[in-house]
Amino acid sequence: MSIGERVKELRSELKLTQLEFGRRIGTSGATVSTTESGKTTPDNQTILLICREFGVRREWLELGHEPKYVKDMQ
C-alpha cells in the first residue's frame, strides 16, 4: 500500500471529504486528491502535519507499520 492509499484510508475512516482533510492540514482538496492518486508525494512538512493533526504515527503513514495511531502505543 502506498502513502497515498494510506492517506485515503485515513480520510475515509474519519469520514472527511478531500476538501475537509486538506483544510485541516492547511492544503487544498486538489492536493489531497493528487496525493491519494499517487501523482504526488507529500513533503516532509505535510507528513508531519497529517501525523500531528490526526494522531497517526509517521511509520504507519510512510511505511504502513502498525500501530496506526499514536494512542495505540500507550
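Conventions we followed
Residues numbered from 1 in each chain as written. Predicted model: local features only at pLDDT ≥ 70, side-chain atom pairs only at ≥ 80, totals over all residues. Heavy atoms only, no water. Helix = DSSP H or I, 4+ residues; strand = E, 2+ residues; numbered from the N terminus. Buried < 20%, exposed > 50% of the residue type's maximum accessible area, 1.4 Å probe, protein only. Contact = heavy atoms within 4.5 Å.

J.: Quick rundown of the environment of Leu-10? Include the residues and the values.
T.: Position of Leu-10 relative to the elements: it lies in helix 1 (residues 3-13). A relative accessible area of 0% places Leu-10 in the buried class. C-alpha of Leu-10 to C-alpha of Thr-27: the two residues are 17 residues apart in sequence and 16 Å apart in space. If we skip the residues at most four places from it in the chain, Leu-10 touches Phe-21, Ile-50, Phe-54, Val-56, Trp-60 and Tyr-69.

J.: Let's hear about unusual backbone geometry: which residues, and what values?
T.: In this structure, the amide linkage connecting Glu-66 to the following residue, Pro-67, adopts the cis form with an omega of 0°. When you line up the elements, Pro-67 lands in the segment after helix 5 (58-63). In this model, Lys-15 sits at a positive phi of 60°, which is unusual for a non-glycine residue. Tracing the backbone shows Lys-15 in the loop between helix 1 and helix 2 (18-24). Judged by relative accessible area, Lys-15 falls into the exposed class, the value being 72%.

J.: Pulling in residues and values, what's your account of the side chain of Glu-36?
T.: Turning to its location among the elements, Glu-36 is positioned in helix 3 (residues 29-36). Take Glu-36: its relative accessible area is 11%, and that puts it in the buried class. Excluding anything up to four places from it in sequence, Glu-36 contacts Gly-4, Glu-5, Val-7, Lys-8, Arg-11 and Gln-18.

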